[in-house]
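Given next are the chains, with one letter for each unit.
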Amino acid sequence: MNTPIKKKPVPREDDWIEKIYVMVRRIPKGKVTTYGALADAIGSRLTSRMVGWAMNKAHTAKPKVPAHRVVNRNGMLTGKHHFATPTLMQELLEAEGIRIEDDKIKDFKTHYWTPS
DNA sequence: TCACTGACCGTGG
DNA sequence: ACCACGGCCAGTG
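Residues numbered from 1 in each chain as written. Chains lettered and ligands numbered in written order. Predicted model: local features only at pLDDT ≥ 70, side-chain atom pairs only at ≥ 80, totals over all residues. Heavy atoms only, no water.

Student: Even after reading the chapter, I still don't get the protein's contact with DNA strand B, so can you show me in this structure?
Tutor: Taken together, 16 residues form the shell around DNA strand B, and within it Ser48, Arg49, Met55, Arg73 and His82 come nearest. Sugar plus phosphate, as a fraction of atoms of DNA strand B within 4 Å of the protein: 49%. Met55 is positioned with one of its backbone polar atoms (N or O) 2.3 Å from a base nitrogen of DNA strand B. The contact in question runs from a base nitrogen of DNA strand B to an N or O atom on the backbone of Asn56, over 2.9 Å. Considering every element that reaches the surface near DNA strand B, the biggest residue donor is helix α3 (residues 48-56), with seven residues. (Near = heavy atom within 4 Å. Polar contact = N/O pair within 3.5 Å; in protein donor to acceptor, adjacent residues only side chain to side chain. Helix = DSSP H or I, 4+ residues; strand = E, 2+ residues; numbered from the N terminus.)

Right, dumping it as structure tokens:
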């Protein structure tokens, strides 16, 4: 009979990675969140380090993930070096009305968004 | 095959 | 207040 394609010819990313991408895309414009918050929101044994690792290959995810809205708990743009240009992350955030000084978000908690 | 690293965070001394 | 270490997953040499 018609053998259902049990196999997965489409190499979808691991579930937890996919969840991270979805969560990041849900971040409202002008808001930011932290790696730890995403890891905690998804739960599981996910850790903030894994979120960062997922972000590393986020540029291959489609649609593209607004990784510039994800910073560490210090509000520092730790991942800016991984963007096309080292200043792109800051420019994107500033374009959304977020003030940045010394690679750090000003009024971080004001722009902080909690995954829900 | 084993060991180390990575866009981190929390806790302990 | 500062420094050191563990933890979780996947990829690379």
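Student: I keep staring at the packing of helix α1 (residues 15-25) against α3 and nothing clicks. Help me out?
Tutor: For any two helices packed against each other, the geometry comes down to the angle between their axes and how far apart the axes lie. In the contact formed by α1 and α3, the axes pass within 10 Å of each other and the chain directions differ by 80°. When the axis of α1 is compared with that of α3, the two are roughly perpendicular. Here α1 contributes Trp16, Ile17, Ile20, Tyr21 and Val24 to the contact with α3, which in turn contributes Met50, Val51, Trp53, Ala54 and Met55. Across the contact of α1 with α3, the residue classes break down as 10 nonpolar, no polar and no charged. (Axes fitted to C-alpha atoms, helices over the stretch in contact; angles between N-to-C directions. Parallel < 35°, antiparallel > 145°, perpendicular 65-115°, else oblique. Contact = heavy atoms within 4.5 Å. Nonpolar A, V, L, I, M, F, W, Y, C, P; charged D, E, K, R; others polar.)

Student: Explain the packing of aromatic side chains here, please?
Tutor: One pass over the structure, following the stated rule, counts two aromatic pairs. Pairing Trp16 with Trp53 gives two aromatic rings, centres 6.0 Å apart and planes at 25°, and the pair type is stacked. Taken together, the residues span a long stretch of sequence, with Trp16 in helix α1 and Trp53 in helix α3 at a distance of 37 residues. Taking relative accessible area as the criterion, Trp53 reaches 45% and is therefore assigned partly exposed. Consider the rings of Phe108 and Tyr112, whose centres lie 5.7 Å apart with planes at 70°: the pair is edge-to-face. Note on Tyr112: relative accessible area 28%, which makes it partly exposed. (Phe/Tyr/Trp six-rings, centres within 6.5 Å; stacked < 30°, edge-to-face > 60°. Buried < 20%, exposed > 50% of the residue type's maximum accessible area, 1.4 Å probe, protein only.)

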